[in-house]
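Read off the chains here:
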Amino acid sequence: MDELVKKIAGLGLPGILFVIATATSGGSVSAVVAMLSALGGPLGLLGGLGLLGLVGVLGEYITSSGIEAILKLVYTERSKTDSVRFLLKEINELPITDELKVKLKEHLSPGGVTDTQETQAPKTIEIVEEEPLI
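Just so it is clear, the model here is predicted, and its values are computed rather than measured.

A.B. asks: I keep staring at the packing of helix H7 (residues 84–92) against helix H8 (residues 98–108) and nothing clicks. Help me out?
C.D. replies: Two quantities define a packed helix pair, namely the angle between the axes and the distance from one axis to the other. H8 packs onto H7 with a crossing angle of 175 degrees between their chain directions and a minimal axis gap of 10 Å. Classified by the angle between their axes, H7 and H8 sit roughly antiparallel to one another. Residues Val-84, Leu-87, Leu-88, Ile-91 and Asn-92 of H7 touch H8, and the partners they reach there are Lys-101, Leu-104, Lys-105 and Leu-108. When the residues that make up the contact of H7 with H8 are grouped by side-chain class, the tally is six nonpolar, one polar and two charged.

Written out as structure tokens, the structure is:
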């Protein structure tokens, strides 16, 4: 399972979305094909077909471990290379329940970092026009 988590983490956000789409599609082929096309990028569906073998393995792990456990492991692996603040912002944008978002955030930052918005005050810029010297 560790090898699978490393491969999904290497895919980044598309990998996370692929896990969620596979788990929520309930066997719907059209949802999986649409996701494969999106993951294929410029190669389209053909590029995404390389991930087709992952669907069966992923489904097996999701049913045995649960999506929460898999997402926690993936984000733990990604936190080794990406900043926690970036990952927390990414979790906010995931199409998952608020309860699961809170659990993922607490898993990544046990200290309680929940605010991912930048709190810097806006900068004021003053533009001054000078008269040309003749």
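A.B. asks: What should I look at first to understand the pattern of salt bridges in this one?
C.D. replies: Side chains that differ in charge, positive against negative, can pair when their charged atoms come close. Throughout the structure, instances matching the rule amount to six salt bridges. In this structure, the salt-bridge partner of Lys-72 is Glu-68, at a minimum N-O distance of 3.1 Å. You can see Lys-72 and its partner Glu-68 sitting in helix H6 (residues 67–78), four residues apart, about one turn around the helix. A relative accessible area of 24% places Lys-72 in the partly exposed class. A residue is classified by how much of its surface remains accessible, and Glu-68, at 26% relative accessible area, is partly exposed. Taking the shortest distance from any N to any O, the salt bridge between Lys-103 and Glu-68 comes out at 3.4 Å. Placement of Lys-103 in helix H8 and of Glu-68 in helix H6 is noted, with a sequence separation of 35 residues between them. Judged by its relative accessible area of 30%, Lys-103 falls in the partly exposed class. Taken together, the shared-partner salt bridges in this structure form one network comprising Glu-68, Lys-72, Glu-99 and Lys-103.

A.B. asks: Before we go on, may I ask you to explain the packing of H6 against H8 in this structure?
C.D. replies: Between H6 and H8, the shortest axis-to-axis distance is 10 Å and the interhelical angle comes to 35 degrees. As H6 packs across H8, the resulting crossing turns out to be right-handed. Touching Glu-68, Leu-71, Lys-72, Tyr-75 and Thr-76 of H6 are Leu-100, Lys-103, Leu-104, His-107 and Leu-108, all from H8. When the residues that make up the contact of H6 with H8 are grouped by side-chain class, the tally is five nonpolar, two polar and three charged.

Here is what the cut-offs are and how they apply
- Residues numbered from 1 in each chain as written.
- Predicted model: local features only at pLDDT ≥ 70, side-chain atom pairs only at ≥ 80, totals over all residues.
- Heavy atoms only, no water.
- Axes fitted to C-alpha atoms, helices over the stretch in contact; angles between N-to-C directions.
- Helix = DSSP H or I, 4+ residues; strand = E, 2+ residues; numbered from the N terminus.
- Parallel < 35°, antiparallel > 145°, perpendicular 65-115°, else oblique.
- Contact = heavy atoms within 4.5 Å.
- Nonpolar A, V, L, I, M, F, W, Y, C, P; charged D, E, K, R; others polar.
- Salt bridge = Lys/Arg side-chain N within 4 Å of Asp/Glu carboxyl O.
- Buried < 20%, exposed > 50% of the residue type's maximum accessible area, 1.4 Å probe, protein only.
- Left-handed = near helix turned anticlockwise from the far one by under 90°.

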